[in-house]
Amino acid sequence: MLSTEDFTHFPQQMWEKVLSKVKKAVVFMDDKCAEALHWGGGAAILLEAGARNLREFSSFEACGVNEPKAVFVVSTLLKGRTVDIIKDIISLSHFQYCVVFTTVSHSVHLFANNVTTEMEGNPVFEQFEEKLCEWMGNMNYTAEVMHAPVVFAPVSQQLLLTPMFAHLFPLLSSDLDSINAKRPEKKRFGGLVDIDMHSLPYELQVEIKSLASTLNSLFEATGTREESFAVGPMSRIIAGELASHPQAKNRRKTAQNKASIIFVDRTMDLTGAVGHHGDNLAEKILTVLKPLPGHVTDVQVDMLELTSVQRTPHSQTTLAPGCLAQPQSPAAQSLWESMLTNKHKEGVMEVRRQLVETASKEKLPIKMSMGRVTPEQLCSYMQLFRSNWVALESHCGVLQLGLATAQALRHPSLPRWDACLAFERLLLQALGDSDFPAVLKQLLPLMKPRGGEDSTASGSRSREDECGPDELILLLVYLYSLADEAQPADQDSEEVELEKLERELIGALTLVITRETELSPLLQKLTGCASPEELTTERAHTAVDKMFETLRGLSHSRDHLKQLRSVYTASDGVHQATYCPFLRQILEEVFHPDRLECPDIEHMSGGLTDLLKTGFSMFMKVSRPHPSDNPLLFLFLVGGVSPSELRLIKETVTTHKPGTQVLVLSTRLLRPTDVPELLFTTQRLQPDIGV
C-alpha cells in the first residue's frame, strides 16, 4: 500500500529526468521551476549531477565558446515570449547540443495550438527541435525537447505546493460578469456553478488543462486510481478535467493503488485565510519577513549575526540571505515540520531545544536559561557558532531557521498581528448581535492615517501596533466573507445604509493610502504605483472602489451549498461566538462514523457509471463512492492553504480517524496579505502562461 511518503518523493523522481541530461551543461531555468527545485534539493543536486553552471532564464544571458551544451527548464508553453528568450540565448552563444524541458505536457501543447485530434508521437516537440538546430546554425547539431512535470515543491512531509499555479484562484462574482458580457443574452450563466470549462478564456483553459495533466503524472508515476470530489465552482471544473483526461482513463484501468482527492475552492472560506487566529510560528515568519526574490513562498533570513561584518545601510547587499527551505539538512527539515504544524509556543520551544542541542554537540560554551524564549536568547545561542566555521557549516540549516524565528519575534510589525486578532474577535461577537452595516461601521474609527493626530489621541502605544492600510484591507475581507452570518434586517433600508457606509469607507481608506510614506507590496499591486510620489488620490480612489465591488460578492461564495453554508457559530450566552473552519467541517463529514453522504462534496470521476447509479438510486439503494473509502486522502486547496490550516488538518484527522494518511496539495502557502493580492490584483481570467 502506498504512503504519503511515496508521493512526497515524486518531485525528486521527476527531477531525475532533468539531472540525466545536465552533465557538462549550462542550465537555464525560469523562476517557477527554480522555486520547485529550491524545495526539492536546490542547485546542489544539479551541480552534483555534473552541471557547469545554473543561470537565469533571460534574454540577457549567454554562454562562451567553451560552453557547447545548454539545458533549458521552463514552466510555460513553448510559444511566444518563452520561444523568444530561448532563441535570444542560443543566438548569442555557441551551442552544439540543446535540451529543452517544459512542465507543460504535449497534449496541452496540442490544445494550445488548436489541434483537437490525438496524434502519434510528439509533433510539436519535434518541430521545436528543428528550430533549435536552426538557431544553433547547424541542422546536424543535437536538439531534444521533452516534457518533465517538475512542478511540485515538497515544502513538508504533509504538503506539496505547485509554484507554477501560484496565481490560480477560484472564480469570483466579478468574473461571472466578465464571462457573461461576451455571451448572447439567452446563453448567459445564472451563477458561478453553471460555468463550464469551454466558457472560460483560452489562457485559463490552458492553465487548468496543464494542472490536470500534472496531477495525472503524479498518479501515473505512483500507479494510483483516484476518486475525485469537488467543493466549489473552480474545483468542479478542475476535477472534471482530471476525470476526462485522455491518459487518465487508461491509467485507471491498470492502477493497483487507490486514493481519494477532494478539490476545495479557497473562496469557500476566506475568513480562515485572512484571519490572525492561526497560532503558528511559520505563519508569522512568512508574514513579517521579506519574500526571497523570485519566490512566492520562501523568505529572506538576515545572516549578518553569524558573521563579524558590521551592520551598515549597505551590509544587507554584502551577504546573501538565508531561507526556510533546507532540503539538504534532515535536522533542519525536522525543525521546519515542527514550526509549520505545531502551535506558536511549541514551535519556538522546539527552535530553542534544537539550538541548545546543536551547541552542546559542538561543545560550545552555552549558558542554559529556562522560562520564556526571547529573540535575544536565541541570538546569543547562534552567535556562539561565529568562531567555529566547521560547526557553522555543519548546522547552517538549523541556524537559518533559528535566525528566522528570532527576526520574526522582534519584528516591528508583529504587534499588529495581535491588534488584528483582538479586533477580529470583537467583530465575531458583534455579528451575532447586529446587522451587517452596524458591524461594518465599527471599522470606520480605524480608518485613520497612521501616525496622525487622531491615532495619537486614541491612545495607540506606537506606530507599530496601529492598523495600516494592509491590515484594514484584511479586516474588510474578513468581515465581508462573514457578511451572511450577521443578523437579518429590513432588506431595503439595509441596502441604502450599506451603500452610504461603503462610500464613507472608500473615502476614508483612500485617504489612509494616500497618506502612506511608503507603499507596501500589496498597495503597489493594488494601485499599480511603485512609490507614493506616483500615487494620486484619483488612482487610489479607483483602486479602492474596484476593491469594494469584489468585496460585495464574497458573502455569496457559499450560496450554492446545501449543508456547509456557514463558518460561524453565534454566542449562546455561555460560549463566545466562534469561527468554524470550513476545512474542519469537510473533514468531519468525510470521517463521520456513519459515512453520511454530504451533498456539497460532489463526486466527479464516475462518468457514465456514476450517471447510471444516479438514475438507479431513484428506485433502489445504490452505493456511491465516498472520500473515506480509500486508505489515502488528498486535499487540494485551489487558491492556497495557510500554515495554521495544515495544523488544523493534522489535528482533525488525528481526532476523528487516527492513522489515516492525508496529503495536502495546494497552489501556494498563504500569508494573510496574499489573499487581497489574489482577490484584487490577479488577472484570474487571463493568467500568464508565457504566450
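In every chain, residue numbers begin from 1 and rise along the written sequence. pLDDT decides what is reported in this predicted model: residues at 70 or higher carry local features, side-chain atom pairs at 80 or more are listed and counted, and totals for whole chains, interfaces and linings draw on all residues regardless. To obtain the side-chain values, all non-hydrogen atoms of the structure were included, while hydrogens and water were left out.

We count a stretch as a helix when DSSP gives it H or I for four or more residues in a row; a strand needs E for two or more, and each element gets its number in order from the N terminus. Regarding its fold elements, the protein presents 29 helices and 14 strands. The globule rule is 2.2 Å times the number of residues to the power 0.38, and the radius of gyration it is compared with is taken over C-alpha atoms. Taken over the C-alpha trace, the protein has a radius of gyration of 26 Å; the compact-globule value for 691 residues is 26 Å, and the two agree within 12%. Oriented by its inertia axes, the alpha-carbon framework of the protein measures out at about 75 × 75 × 55 Å. Evaluated residue by residue, the protein yields a buried proportion of 57% over its 691 residues. For the protein, long-range pairs separated by at least 24 residues make up 77% of all intrachain contacts whose partners lie at least 6 apart in sequence. Residue burial considers only the protein chains on display, and all accessible areas are found by Shrake-Rupley using a 1.4 Å probe. Summed over all atoms, the accessible surface of the protein reaches about 30,800 Å², with 50% contributed by carbon and sulfur. Only four residue types enter the tally: Lys and Arg on the positive side, Asp and Glu on the negative side; His and the chain ends are excluded. A charged residue contributes its charge at one atom only: NZ of Lys, CZ of Arg, CG of Asp or CD of Glu. Distance between charge centres in the protein, computed from 67 positive and 87 negative side chains, equals 4 Å. Burial here depends on accessible area, computed with a 1.4 Å probe over protein chains only, as a share of the maximum for the residue type. Under 20% is buried, over 50% is exposed, and the range in between is partly exposed. Throughout, a contact is declared for two residues whenever any of their heavy atoms are within 4.5 Å.

So, on to the sheet that holds strand β3 (residues 69-74). Reading across the sheet, the five strands line up as β2-β1-β3-β4-β5 and stay open at both edges, with parallel pairing between neighbours. Two strands in the sheet have a free side with no partner beyond their single neighbour: β2 (53-56) and β5 (142-147). Here the average twist between neighbouring strands, direction ignored, is 15°. Examined bridge by bridge, strand β4 (residues 97-102) and β5 share six bridges and lie parallel to one another. Within the sheet, the bridge partner assigned to V100 lies in β5 and is V145. On the sheet, helix α3 (residues 31-39) packs against β1 (26-29) and β3 and is oriented at approximately 110° with respect to β1. Axes here refer to lines fitted to C-alpha atoms; in helices the fit is confined to the stretch in contact. Angles between the N-to-C directions go from 0 to 180 degrees. Contacting β1, β3 and β4, helix α5 (residues 80-91) runs over the sheet at an angle of about 165° to β3. In this analysis, strands are considered paired if DSSP registers two or more bridges between them.

Moving on to the pairing of strand β6 (residues 153-156). Direction of pairing for β6 relative to strand β7 (residues 159-161): antiparallel, over a ladder of three bridges. The residue bridging P154 from the neighbouring strand is L160, located in β7. The antiparallel pairing of β6 with β7 creates a hairpin that spans two residues between the two strands.

Turning our attention to the pairing of β1. Going residue by residue along β1, you find V26 and F28 tucked away on one face and V27 and M29 tucked away on the opposite face as well. Pairing of β1 with β2 involves four bridges; the strand directions are parallel. Bridge pairing in β2 places F28 opposite R55. Two strands pair when backbone bridges link them, and β1 and β3 are joined in this way by four bridges, in the parallel orientation. Bridge pairing links F28 to F72 in β3.

This next bit is on the packing of aromatic side chains. Whether two aromatic rings pair depends on their centres lying within 6.5 Å, for rings of Phe, Tyr and Trp, where Trp uses its six-membered ring; planes under 30 degrees apart make the pair stacked, over 60 edge-to-face, and the rest tilted. Applying the stated rule across the entire model yields 11 aromatic pairs. Measuring from ring centre to ring centre gives 4.8 Å for F7 and F634, while their planes differ by 80°; the resulting arrangement is edge-to-face. In this pair, F7 sits in helix α1 (residues 4-8) while F634 sits in strand β13 (residues 632-638), placing the two residues 627 residues apart along the sequence. Exposure remark for F7: the relative accessible area of 0% places this residue in the buried category. Judged by relative accessible area, which is 0%, F634 ranks as buried. A ring pair is formed by F10 and F152, whose centres lie 5.9 Å apart and whose planes are at 70°; its orientation type is edge-to-face. On the criterion of sequence distance, the pair formed by F10 in helix α2 (residues 10-19) and F152 in the loop between β5 and β6 is long-range, its members being 142 residues apart. For F152, a relative accessible area of 1% corresponds to the buried category. Cluster of aromatic residues (ring-pair linked, three or more members): F28, F57, F72 and F95.

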